[in-house]
Amino acid sequence: KIDDYVQKPSAEVVGAEPREVAVMNGLSANIHLMFVPFYRPTKDRFKVVMEAKAFPSDRYAVESQVRFHGFDPADAIILI
């Protein structure tokens, strides 16, 4: 598996044991991957709560998912 190639060097970078390290996608990619199965908006339930100071790429990921489902990000995203 791919982790076998990067787990030990990644552990050395962060000062951990290889068994304590998991190599994953970037946060923005993970946002997209989580929205696909879980964001099932309806005309009455389509809002997304998001932190106001999120990374721009994270905000873009949420906006693109909202648009994909036919909603306007200005109406659908609640920033807190």
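Refer to the preceding data block for the structure.
Residues numbered from 1 in each chain as written. Predicted model: local features only at pLDDT ≥ 70, side-chain atom pairs only at ≥ 80, totals over all residues. Heavy atoms only, no water.

1. Quick look at the overall build of the protein
Helices and strands together make up the secondary structure of the protein, namely 4 helices and 2 strands. Starting at the N terminus, the α and β elements of the protein follow one another as α-α-β-α-α-β. What you see for the protein is a C-alpha radius of gyration of 17 Å, clearly larger than the 12 Å of a compact globule of 80 residues, by over 25%. The principal-axis extents of the C-alpha atoms in the protein amount to approximately 45 × 25 × 15 Å. Buried residues in the protein amount to 29% of all 80 residues. For the protein, contacts bridging at least 24 residues in sequence account for 56% of all contacts bridging at least 6. Here the protein displays about 6,200 Å² of accessible surface, and carbon together with sulfur accounts for 59% of that area. Charge-centre separation for the protein: the mean point of 10 positive side chains lies 6 Å from the mean point of 11 negative side chains. (Helix = DSSP H or I, 4+ residues; strand = E, 2+ residues; numbered from the N terminus. Rg over C-alpha atoms; globule rule 2.2 N^0.38 Å. Buried < 20%, exposed > 50% of the residue type's maximum accessible area, 1.4 Å probe, protein only. Contact = heavy atoms within 4.5 Å. Areas by Shrake-Rupley, 256 points an atom, 1.4 Å probe, with all protein chains shown as cover. Lys, Arg positive; Asp, Glu negative; His and termini not counted. Charge placed at Lys NZ, Arg CZ, Asp CG, Glu CD.)

2. Observations concerning the packing of aromatic side chains
Counted under the stated rule, the structure contains 2 aromatic pairs. Centroid distance Phe 46 to Phe 71: 4.7 Å. Interplanar angle 5°. Geometry classified as stacked. In this pair, Phe 46 sits in the loop between α2 (27-38) and β1 (48-50) while Phe 71 sits in the loop between α3 (56-68) and α4 (73-76), placing the two residues 25 residues apart along the sequence. (Phe/Tyr/Trp six-rings, centres within 6.5 Å; stacked < 30°, edge-to-face > 60°.)

3. Section: a nonpolar patch on the surface
On the surface, a cluster of nonpolar side chains totalling about 300 Å² of accessible area is made up of Val 49, Ile 78 and Ile 80. The topology assignment puts Val 49 in strand β1. Given the relative accessible area of 56%, Val 49 is considered exposed. (Patch = residues over 30% accessible without salt bridge, like charges linked within 9 Å, V, L, I, M, F, W, Y side chains within 5 Å. Salt bridge = Lys/Arg side-chain N within 4 Å of Asp/Glu carboxyl O.)

4. What about the nonpolar core?
The biggest cluster of nonpolar side chains holds 13 residues, and the ones touching the most others in it are Phe 35, Tyr 39, Val 48, Val 62, Val 66 and Phe 71. Those elements giving two or more residues to this core turn out to be α2, β1 and α3. The element that contributes the greatest number of residues to this core is α3, accounting for 3 residues. With near-sequence residues (within four places) excluded, Val 66 lies in contact with Tyr 39, Val 48, Phe 71, Asp 72, Pro 73, Ala 76 and Ile 77. (Core = buried A, V, L, I, M, F, W, Y, C linked by side-chain atoms within 4.5 Å.)

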